[in-house]
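Report on the structure
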Amino acid sequence: MHRVLLSTCLLACVLCSPPGMADTATPSLAFGAGAQRMPSWAGANDDRSEPVPYLYFKWPGHGSFSTLDGLQVELLHGPILHGGIYGNYQWGRLRDDLGVLGGKIASLPPRINMGGYLEWQLGESLDAGVDLSHDINGAGAYLDLYAEWDLPSTGLLEHSIALRWQAMNAPAMTRFFGIRPSEAVALGVPAWRPGAGSQLASLEYDLFVPTSRHTGVALALVYGRLLGQAAASPLVTRFGSATQLSESLAFVYHL
């Protein structure tokens, strides 16, 4: 079973590695292209669409890399517990993404997060894990807890569900959901400086539909809900929504 990482900025969708690609000692490679629809910014009530290049490589016992799941370097190789180094790309928000808020609140450049992960294989179809990462260009720290379950196959269809809870430290929460005094004046809302805490809970459904021996279509649907001080930010209560929905669709070729 392969991890699916939701960027804390996206609150949105990531395509998992095709469920039909079983874990063996042999490296696995998949590539393709698709599109994803996600909130325009963290907490937005409107969406943006982005093309998604897809690349996935896994070397069992060593690690994996995906344009969507990020990097894992496995250093702990237990029969149940796995762990090691983790890294991922984190979306920002461009002025064009902000709509009427453009020029009134800060744009945020994308960042790289690095840290570590632990994953417990609880059964053939169930695993759980945690990753802790830090923004290498700033003070933001991010905690992610998840559980994933491979559902019984339906004919040729492979599908799974994932539950996830995410939290941020105060600098990360302020970066995405805070409102500086000058921004508060421009928006006509109170200034907001949130502290550390829960940021998002989400439920994801992933589906892989094979179209031939080496090709298939991958679909991901995510329902997310902002929590705590993220949901209470005036950016969300006045200009956005605590409900965050996203979808991804890609055509994948795997070896």
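As the structure is a prediction and not an experimental result, all values here were calculated from the model. (Residues numbered from 1 in each chain as written. Predicted model: local features only at pLDDT ≥ 70, side-chain atom pairs only at ≥ 80, totals over all residues. Heavy atoms only, no water.)

Let us look at the sheet that holds strand S9 (residues 158–168). One closed barrel holds the 12 strands; their spatial order is S1-S2-S3-S4-S5-S6-S7-S8-S9-S10-S11-S12, and the pairing between them is antiparallel. Each strand of the sheet is rotated relative to its neighbour by a mean of 20 degrees, with strand direction disregarded. Together, strand S5 (81–90), strand S6 (111–121), strand S8 (141–150), S9, strand S10 (197–210) and strand S11 (215–226) form the strand contacts of helix H1 (residues 170–177), whose direction differs from that of S9 by roughly 105 degrees. (Pairing = 2+ DSSP bridges. Helix = DSSP H or I, 4+ residues; strand = E, 2+ residues; numbered from the N terminus. Axes fitted to C-alpha atoms, helices over the stretch in contact; angles between N-to-C directions. Contact = heavy atoms within 4.5 Å.)

With respect to the element layout, Arg-93 can be found in the loop between S5 and S6. With no salt bridge to any partner, buried Arg-93 finds its closest opposite charge in Glu-183, at an N-O distance of 5.5 Å. Among the polar contacts listed, one links the side chain of Arg-93 to the backbone oxygen of Phe-176, at a separation of 3.2 Å. With residues near it in sequence (within four places) discarded, Arg-93 still touches Trp-41, Leu-98, Ile-105, Ala-106, Ser-107, Leu-108, Arg-175, Phe-176 and Leu-235. (Buried < 20%, exposed > 50% of the residue type's maximum accessible area, 1.4 Å probe, protein only. Lys, Arg positive; Asp, Glu negative; His and termini not counted. Salt bridge = Lys/Arg side-chain N within 4 Å of Asp/Glu carboxyl O. Polar contact = N/O pair within 3.5 Å; in protein donor to acceptor, adjacent residues only side chain to side chain.)

Under the defined criterion, the tally for this structure stands at 7 salt bridges. Residue Arg-164 is joined to Glu-148 by a salt bridge in which the shortest nitrogen-to-oxygen separation is 3.7 Å. Here the residue Arg-164 occupies a position in strand S9, and Glu-148 occupies one in strand S8, the gap between them amounting to 16 residues. When sorted by exposure, Arg-164 lands in the same class as Glu-148, which is buried. With a closest N to O distance of 3.0 Å, Arg-180 and Glu-183 form a salt bridge. Through salt bridges with shared partners, one network takes in Arg-48, Glu-50 and Asp-97.

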